[in-house]
Amino acid sequence: RQLTKAQLQTACGVRYRVKNPEFVPGPVIVVESLKGEEDRIDAFIIDWRKLFIDTANPRHMPTGWRVDNPVICRLGKDGPRYKYEP
């Protein structure tokens, strides 16, 4: 049995995406898990850099770039700035 043009048109109009009211985006989960604690944020950034290098294996990086370069971050839009130096 084959689909008719009308059936295909009907299928095209079906809303197949339904919002999950309990969905939490990944970045929100990460930020909430760090709880604004500077040492946890610094460790996350350093670990992310290590993962990036190990996974992407980039051939070209900016001169002087290192996994353990100081981290400068602002906590929130108007939050305090801090600098991490290992």
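Small disclaimer: the values here were computed from a predicted structure and weren't measured.

(A) Broad picture of the overall build of the protein chain. Looking only at helices and strands, the protein chain has three helices and two strands in total. Reading the helices (α) and strands (β) of the protein chain from amino to carboxyl end gives α-α-α-β-β. In the protein chain, which comprises 86 residues, the share counted as buried stands at 12%. For the protein chain, the proportion of contacts with a sequence separation of at least 24, taken over those separated by at least 6, is 24%. Only carbon and sulfur atoms are counted for the fraction: they give 56% of the accessible area of the protein chain, which is about 7,900 Å².

(B) Structural context of unusual backbone geometry. Phi at asparagine 57 takes a positive value of approximately 45 degrees, unusual for a residue other than glycine. With respect to the helices, strands and loops of the structure, asparagine 57 is situated in the loop between helix 3 (38–56) and strand 1 (71–74). For asparagine 57, a relative accessible area of 57% translates into the label exposed.

(C) Layout of the packing of aromatic side chains. Tallied over the entire structure, the rule returns one aromatic pair. Seen in terms of ring centroids, tryptophan 48 and phenylalanine 52 are 5.6 Å apart; in terms of plane orientation they differ by 5 degrees. Their pairing is stacked. Of this pair, tryptophan 48 and phenylalanine 52 both sit in helix 3, separated by four residues, roughly a single helical turn. On the basis of relative accessible area, phenylalanine 52 is assigned to the partly exposed category, the value being 28%.

Each value, and the rule that gives it
- Residues numbered from 1 in each chain as written.
- Predicted model: local features only at pLDDT ≥ 70, side-chain atom pairs only at ≥ 80, totals over all residues.
- Heavy atoms only, no water.
- Helix = DSSP H or I, 4+ residues; strand = E, 2+ residues; numbered from the N terminus.
- Buried < 20%, exposed > 50% of the residue type's maximum accessible area, 1.4 Å probe, protein only.
- Contact = heavy atoms within 4.5 Å.
- Areas by Shrake-Rupley, 256 points an atom, 1.4 Å probe, with all protein chains shown as cover.
- Phe/Tyr/Trp six-rings, centres within 6.5 Å; stacked < 30°, edge-to-face > 60°.

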